[in-house]
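So the chains spell out like this:
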Amino acid sequence: MVVASLIERKRGGEALTAPEWRELLQAYGTDAVPDYQMAALLMAVFFQGLTAEELYTVTDTMLHSGASLDFDGWDTPRVDKHSTGGVGDKTSIVLAPLLACCDVAVPMLSGRGLGHTGGTLDKLESIPGFRTGLSLEEAERQVRTLGCAMLGQSRDIAPIDRKLYALRDVTATIESIPLIAASIMSKKLAEGLNGLVLDVKTGSGAFMVDVEDALALARTTIELGEAHGCRTTALLTAMDRPPRWSVGNSLEIEECISTLQGEGPSDLAEVILALGSEMLMSAGVAGDPTEARCRLEDALASGKALERFAALIEAQGGNPAIIDDPAVLPQAEEIEVLEASAAGVVQSVEPRRIGLAVIELGGGRQRLDDDIDPSVGFVISVKPGDRVAAGEAIASVFARDAEGIRAGRAALEEAIVIGEVGSLTPLVSHRVTAAGTEVLEVT
Ligand code: URA
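Residues numbered from 1 in each chain as written. Predicted model: local features only at pLDDT ≥ 70, side-chain atom pairs only at ≥ 80, totals over all residues. Heavy atoms only, no water.

Novice: Give me helix α10 (residues 211-227): which residues, what numbers.
Specialist: With 17 residues, α10 extends 24 Å from end C-alpha to end C-alpha; this agrees with the ideal 24 Å at 1.5 Å per step. Where the residues of α10 are buried, they touch α4 (52-63), α9 (177-188), β4 (195-202), β5 (231-238), β13 (428-433) and β14 (436-442). Glycine 229 sits one or two positions beyond α10 and adopts a positive phi of about 80°. (Helix = DSSP H or I, 4+ residues; strand = E, 2+ residues; numbered from the N terminus. Expected span 1.5 Å × (residues − 1). Contact = heavy atoms within 4.5 Å.)

Novice: Any details on the nonpolar core? Residues and values, ideally.
Specialist: Within the largest apolar cluster, 59 residues are counted, with the highest numbers of intra-cluster contacts made by Trp21, Leu24, Met38, Leu164 and Val200. Among the elements that line this core, the one with the most residues is α9, at seven residues. Counting only domains with at least three residues in this core, you end up with domain 1 (3-49) and domain 2 (79-324 + 429-442). Non-local contacts of tryptophan 21, meaning those with residues more than four positions away in its chain, are made with Lys10, Leu16, Leu41, Val45, Leu50, Glu54, Thr57 and Val58. Ranked by size, the runner-up nonpolar core spans 51 residues in total, among them Val94, Ala96, Ile257 and Leu427. (Core = buried A, V, L, I, M, F, W, Y, C linked by side-chain atoms within 4.5 Å. Buried < 20%, exposed > 50% of the residue type's maximum accessible area, 1.4 Å probe, protein only. Domains from an automatic or database assignment.)

Novice: Which residues make up the packing of α4 against α9, and what values do they have?
Specialist: A pair of packed helices is captured by two measures, namely the crossing angle of their axes and the spacing between those axes. Relative to each other, α4 and α9 sit at 35°, their axes nearing to 8 Å. Of the two elements, α4 crosses α9, and the hand of that crossing is right-handed. Residue-level inspection shows Leu55, Val58, Thr59, Met62 and Leu63 of α4 in contact with α9, the latter providing Pro178, Ala182, Ser183, Met185 and Ser186. Broken down by class, the residue content of the contact of α4 with α9 amounts to seven nonpolar, three polar and no charged. (Axes fitted to C-alpha atoms, helices over the stretch in contact; angles between N-to-C directions. Left-handed = near helix turned anticlockwise from the far one by under 90°. Nonpolar A, V, L, I, M, F, W, Y, C, P; charged D, E, K, R; others polar.)

Novice: Go over the site of the ligand with me, naming the residues and quoting the values.
Specialist: Taken together, Tyr165, Arg168, Ile180, Ser183, Ile184 and Lys187 make up all the residues around the ligand. Here an oxygen atom of the ligand and a side-chain polar atom of arginine 168 are 2.9 Å apart. Between the ligand and the protein, one listed contact pairs an oxygen atom with a side-chain N or O atom of lysine 187 at 2.6 Å. For the ligand, the accessible surface in isolation is 240 Å², of which the surrounding protein chains cover 81%. The set of elements that each furnish at least two residues to the shell around the ligand consists of α8 (159-169) and α9. When its residues are assigned to classes, the shell around the ligand shows three nonpolar, one polar and two charged. (Near = heavy atom within 4 Å. Polar contact = N/O pair within 3.5 Å; in protein donor to acceptor, adjacent residues only side chain to side chain. Areas by Shrake-Rupley, 256 points an atom, 1.4 Å probe, with all protein chains shown as cover.)

Novice: I'd love a proper account of empty space enclosed by the protein, names of residues and values included.
Specialist: Counting across every chain of the model gives three cavities of 30 Å³ or more. There is about 130 Å³ of room inside the largest cavity. In this structure, the largest cavity is lined by 14 residues; those nearest its centre are Lys201, Ala238, Pro243, Val271 and Leu427. Those elements that provide at least two residues to the lining of the largest cavity are β5 and α12 (266-282). In this structure, the second largest cavity occupies an estimated 100 Å³ of space. Surrounding the second largest cavity, 14 residues form its lining, Leu25, Leu42, Val58, Leu164 and Leu179 being those nearest its centre. Within the residue set of the lining of the second largest cavity, elements represented by two or more residues are α2 (18-29), α3 (35-48), α4, α8 and α9. With four residues, the top contributor of residues to the lining of the second largest cavity is α3. Along the lines of polarity and charge, the residues of the lining of the second largest cavity split into eleven nonpolar, one polar and two charged. When residues are assigned to domains, the lining of the second largest cavity turns out to be shared by domain 1 (3-49) and domain 2 (79-324 + 429-442), each giving three or more. (1 Å grid on protein atoms, 1.4 Å probe; cavity = no way out; pocket = protein on both sides within 12 Å on 5 of 7 lines; lining within 4 Å. Points joined across faces, edges and corners; volume = space filled by probe spheres on them.)

Okay, here's the thing in structure tokens:
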């Protein structure tokens, strides 16, 4: 294999063969191909894309570079959800225990905060004692006994993706739809799934700001999932404002508990029911959205989903007392309420500004090895289109000191714009399956 000539052919728009891709990626995995050559190849892929066959081979090679969860001989269907990342996105933490009460199992592989977005693992680790670093054997055992486990990508899962992802991060090659799809699916397919639902966020707080890019990512990822025998569908959900109410690690856990108690914000509940219904249908245990929704609503109303969350926390070393007493979660030293400066209609609540402010307050990382303060963040009770009176409480800042309160207040004042008109984009705008795309407009 002459790597320079593979780069040259890819740069010229030619497809590499499956054996060429396999040999190249495997050699990269053992350090036989240096980063500088792989970086040049990634940039060629960034501009030229991948054919369907190349995409399949790249994904498959990354998938098989590591281990997979092994559920052979177990007939409970496994299903997961992947979100492309947003601000205040806490759906995974509610969905895992909820779905585990509906005759499916959820081996949920999650990530940490990236850029301005928060990460499920960081949120879970705000629960005192909670351990996300499960081994594959521990995760398998827990999924079989409890129906769900929540873990991070260990060194065992798709190690070539891990290495390539770090390289893409520093060579401006993250934002390539085929490379993103291959990277996501090489990890998700290692979970031994029967079904997968993608939650593709769109809007200013998402990585895929435009609907067209979000649809392209959904279609590419669905093609890969289906080619690997995993029924894959996608919903496009709104990230042009933070989902109510909270943004920040422990605050979001508290909101997940309220949602599992049936007392959370209605828009979060709506997105959870939409994603959860897709998950039940992709696992083949519900025939249509009405049946799926009924099962989810029963699991919430009966308290079973909340009980399962307590069991999940306990199984992973966390303190389940947070369910009855959220004050057991890390609490901010300082809280300040922001009031509307004038009467009017909320025009926008800019999610990116809020996500970056959580990092500024210490709730996210500026460097890879930073510790995070789980107690800080925001509760925002308004959304675009809401009418507010002057002096009405619209948000709160949770910080560790007066400096944090000042920074948080400044962020809220910039992010929440009050004017004369404001409109809301649909919470769930499109459903994409292998058969095509439907416009949904769920508000
Ligand atoms: N998430 C991933 O796992 N991979 C990407 O390339 C982008 C987001």
